[in-house]
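Each chain, letter by letter, is given below.
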Amino acid sequence: MTATKEQPVLLHNFNAGPSILPKTVFEQAAAAILNFEQSGLSILEFGHRTPEFTAVMAEARGLLRELMHLDENHEVLFLHGGASTQFMQVPMNLLDAKESAAYTDTDVWGAKAIKEARLFGKVDVVCSSKEKNYNFIPKDFAVPNDAKYLHITTNNTIYGTQWQKIPRTSNSMVADMSSDILSRVLDFNSFDLIYAGAQKNLGAAGVNIVVVNKNILGKIKRAIPTMMDYRNHIKEDSMLNTPPVFAIYVCLLNLRWVKAQGGVAALEKRNIEKAALLYREIDENPLFTGTAAKEDRSKMNVCFVMEDPLMEERFEAFARTRGIVAIRGHRSVGGFRASLYNALPLSSVEVLVQAMRDFSNSLN
Ligand SMILES: *Cc1c(COP(=O)(O)O)cnc(C)c1O
């Protein structure tokens, strides 16, 4: 590929999802499409019940267990339907019609989870930041003791806020970690259920992971359709039907990369450094303003605006000439969103920060 003015060779992909993955993952996934592990067959035509693919599934599951330091009670599942299917599958499995669950309303995704949960039981929205366009994480709120579980969205992908501290309650904890899983060290065992779409920090779109404490299952009266019942997926090692073979394989490749980097703690250190660099520029450069409350700022999705929409267009075009792509904010927020997932190197953040400085200087 040759560089042109429109298409520099090296692109810095800040997309919110599907998002950047390590280059080695792309190379290995590409090789496996042509010839999966010297089998002479493509991974795309490979049987999911073969020993070779069973080994892929087992290794991916094992690596996730290891990287998250999961205990014996927690099961790891690879399912279809994205995080959005979990919005219904969680309450379908955990909440009886007469019971209530506590939900936090901290962004559009959390609001969607609330809407689905209402189909299955009572929902107690214990806090909301909606009135301030979801630009902060609520701090003072109470969770009723009898709430079956408390649901939080650990990182709010669209608005760029993140729970810095996971609320401590006596309730069972359920978390949507789609956009910050494996980006920071958390006590994952303190959650009874964690779910995440793979396409942000884990792998390719088409698979989502569910980590569930098996002891919380089977406590409700509702009949659950076969494909929706976590217990069936546990029993069949996530092979109740044909799993998303290729997406799981990409997950495995990425999990190997995470381990080789030194695991979650090592990545967290880098993520802190990347986010600090970009937020410093946002705070120091008068052309740009951060939209999230400072103490709640996400280290994964950095949201910022400029005063004038025309200026935003000019900056976007300027950044594009430096190879910076996909920094437009979500349509409900506007401005910019730079997603700094695990695979995004510090050097890409440096290029973005330099572009912000050079653009400022070019106006003087
Ligand atoms: C992207 C995202 C989702 C939706 O994921 P799908 O896999 O597209 O269903 C849900 N929650 C959060 C926090 C997200 O970032």
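See above for the structure.
Notes on the structure in this doc start here. Since the structure is predicted, the reported quantities are computational estimates derived from the model, not experimental observations. (Residues numbered from 1 in each chain as written. Predicted model: local features only at pLDDT ≥ 70, side-chain atom pairs only at ≥ 80, totals over all residues. Heavy atoms only, no water.)

Bringing the pairing of strand β12 (residues 301-305) into the picture now. Judged by how many residues are buried, β12 sits mostly within the fold: four of five residues are covered. Inspection of the sheet shows strand β11 (residues 289-290) paired to β12 by two bridges, in the antiparallel sense. Note that in β12 the partner of G290 across the bridge is F304. The pairing of β12 with strand β14 (residues 336-339) spans four bridges and is antiparallel. Among the inter-strand pairings, V302 is bridged to a residue of β14, identified as A338. (Buried < 20%, exposed > 50% of the residue type's maximum accessible area, 1.4 Å probe, protein only. Helix = DSSP H or I, 4+ residues; strand = E, 2+ residues; numbered from the N terminus. Pairing = 2+ DSSP bridges.)

Another point: the pattern of salt bridges. Evaluated as defined, the whole model comprises 13 salt bridges. A salt bridge links D283 to K294; the nearest nitrogen and oxygen atoms lie 3.9 Å apart. Of this pair, D283 sits in helix α7 (residues 263-284) while K294 sits in the loop between β11 and β12, placing them 11 residues apart in sequence. A cluster of three or more residues bridged by salt bridges with shared partners is formed by D283, K294 and R297. (Salt bridge = Lys/Arg side-chain N within 4 Å of Asp/Glu carboxyl O.)

Strands sit in the order β2-β10-β9-β8-β5-β3-β4 across an open sheet of seven strands; the sheet is mixed. Edge positions in the sheet fall to β2 (74-79) and β4 (122-128), since each of these pairs with one other strand and no more. Taken over all neighbouring pairs, the strand axes of this sheet differ in orientation by 15° on average, direction set aside. Of the pairings in the sheet, the one linking strand β9 (residues 193-197) to strand β10 (residues 208-213) comprises five bridges and is antiparallel in character. Residue pairing for β10: L193 is matched across the bridge by V212. Sheet strands in contact with helix α3 (residues 82-94) are β2, β3 (100-105), β5 (149-153), β8 (172-176), β9 and β10, and its direction is about 160° off that of β9. (Axes fitted to C-alpha atoms, helices over the stretch in contact; angles between N-to-C directions. Contact = heavy atoms within 4.5 Å.)

What follows is about the sheet that holds β12. With antiparallel pairing, three strands are arranged side by side in an open sheet as β11-β12-β14. Each edge of the open sheet carries a strand with a single partner, namely β11 and β14.

To continue, consider helix α6 (residues 245-260). Compared with an ideal rise of 1.5 Å per residue, which puts 16 residues at 22 Å, α6 spans 23 Å between its outermost C-alpha atoms and is within 8% of the ideal. The buried fraction of α6 amounts to 12 of the 16 residues, a majority that puts the element mostly inside the structure. Turning to α6, its buried residues number three or more, namely V245, A247, I248, Y249, V250, C251, L252, L253, N254, L255, W257 and V258. In the core, the buried residues of α6 are packed alongside α1 (23-34), α2 (51-68), β2 and α7. A positive phi of about 110° marks G262, the residue just after α6. (Expected span 1.5 Å × (residues − 1).)

The immediate surroundings of the ligand are formed by 13 residues, with S84, T157, D176, Q199 and K200 found nearest. In the environment of the ligand, an oxygen atom lies 2.4 Å from a nitrogen or oxygen atom belonging to the side chain of T157. Examining the composition of the shell around the ligand, we find that four residues originate from one element, α3, more than from any other. (Near = heavy atom within 4 Å. Polar contact = N/O pair within 3.5 Å; in protein donor to acceptor, adjacent residues only side chain to side chain.)

All right, on to the nonpolar core then. If you look at the biggest cluster of nonpolar residues, it comprises 57 residues, and the most contacted ones within it are M68, I181, L182 and L202. If you tally residues by element for this core, the top one is α6, at 11 residues. Filtering out sequence-adjacent residues up to four positions away, M68 remains in contact with I181, L182, F188, I194 and V211. (Core = buried A, V, L, I, M, F, W, Y, C linked by side-chain atoms within 4.5 Å.)

This part covers the packing of α3 against helix α4 (residues 108-117). The interhelical angle for the contact between α3 and α4, taken along N-to-C directions, is 40°, at an axis separation of 8 Å. Classed by the angle they form, the pair α3 and α4 counts as oblique. The element α3 and its partner α4 pack so that their crossing is right-handed. Contacts from S84, F87, M88 and P91 of α3 reach α4 at W109, K112, A113, E116 and A117. Partitioned by chemical class, the residues of the contact of α3 with α4 number six nonpolar, one polar and two charged. (Parallel < 35°, antiparallel > 145°, perpendicular 65-115°, else oblique. Left-handed = near helix turned anticlockwise from the far one by under 90°. Nonpolar A, V, L, I, M, F, W, Y, C, P; charged D, E, K, R; others polar.)

This part is about the side chain of T106. Residue position: T106 is located in the loop between β3 and α4. Here N156 takes part through its side chain, which lies 2.9 Å from a polar atom of the side chain of T106. Not counting chain neighbours up to four residues away, the residues in contact with T106 comprise S129, Y134, I137, P138, T153, N156 and W163.

Taken together, the side chains of I33, L34 and L44 present a nonpolar region at the surface, about 310 Å² in accessible area. Secondary-structure assignment places L34 in helix α1. On the basis of relative accessible area, L34 is assigned to the exposed category, the value being 70%. (Patch = residues over 30% accessible without salt bridge, like charges linked within 9 Å, V, L, I, M, F, W, Y side chains within 5 Å. Areas by Shrake-Rupley, 256 points an atom, 1.4 Å probe, with all protein chains shown as cover.)

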